[in-house]
Amino acid sequence: MGKSTYHIKETKNSYSFSYSGDLKEALEKARKDLQKEKENTDIAHWEWIRKKAVSAILAHEKKITKIKAFIKCAERNLKESEADNEATQTGKPDA
């Protein structure tokens, strides 16, 4: 094989293809590249990383939601408690 190769240009909605050198050699190179990509063992690792990342992001978002819920509940209870304290203090005569 010589220096034949292929090129793929991607735009928003389409691909454009070109090659240099002999078309048969460029086609063979593309077939070898496709096989190499299909047999890429790194992909399993990247899929594992993606799953871990998605899980971590979801756990993070859930934690934020729970903390916000606690803050809302605590603020409401604190406000009620302070209102009860004011009501009991204003109802009592000073010593």
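Residues numbered from 1 in each chain as written. Predicted model: local features only at pLDDT ≥ 70, side-chain atom pairs only at ≥ 80, totals over all residues. Heavy atoms only, no water.

## Description of the environment of Ser 18
By the secondary structure assignment, Ser 18 is in strand E2 (residues 15–20). Distance in space between the C-alpha atoms of Ser 18 and Ile 67 is 55 Å, their sequence separation being 49 residues. The contact partners of Ser 18, leaving out residues within four places of it in the chain, are Tyr 6 and His 7. (Helix = DSSP H or I, 4+ residues; strand = E, 2+ residues; numbered from the N terminus. Contact = heavy atoms within 4.5 Å.)

## Here's the deal with a nonpolar patch on the surface
Residues Ile 43, Trp 46, Trp 48 and Ile 49 make up a contiguous nonpolar surface patch of about 440 Å² in total accessible area. Take Ile 49: its relative accessible area is 31%, and that puts it in the partly exposed class. (Patch = residues over 30% accessible without salt bridge, like charges linked within 9 Å, V, L, I, M, F, W, Y side chains within 5 Å. Areas by Shrake-Rupley, 256 points an atom, 1.4 Å probe, with all protein chains shown as cover. Salt bridge = Lys/Arg side-chain N within 4 Å of Asp/Glu carboxyl O. Buried < 20%, exposed > 50% of the residue type's maximum accessible area, 1.4 Å probe, protein only.)

## Some remarks on the side chain of Ser 4
Among the structural elements, Ser 4 can be located in the segment before strand E1 (5–10). Looking at Ser 4, the relative accessible area reads 10%, which means it is buried. Beyond its immediate chain neighbours, meaning those up to four positions away, Ser 4 contacts Ser 20, Gly 21, Asp 22, Glu 25, Ala 26 and Lys 29.

## Remarks on the side chain of Thr 5
Position of Thr 5 relative to the elements: it lies in strand E1. Dropping the residues within four chain positions of it, Thr 5 is found in contact with Tyr 19, Ser 20, Ala 26 and Lys 29.

## A few points about the pattern of salt bridges
In the structure shown here, the tally under the stated rule is 2 salt bridges. Residues Asp 33 and Lys 29 are paired through a salt bridge, measuring 3.2 Å at the closest nitrogen-oxygen approach. In this pair, Asp 33 and Lys 29 are both assigned in helix H1 (residues 23–38), 4 residues apart and thus about one turn of the helix distant. Here Asp 33 falls in the partly exposed class, since its relative accessible area comes to 24%. With a closest N to O distance of 2.6 Å, Arg 50 and Glu 47 form a salt bridge. Taken together, the positions of Arg 50 and Glu 47, both in helix H2 (residues 42–91) and 3 residues apart, correspond to about one turn of that helix. Among the residues examined, Glu 47 registers a relative accessible area of 33% and is labelled partly exposed.

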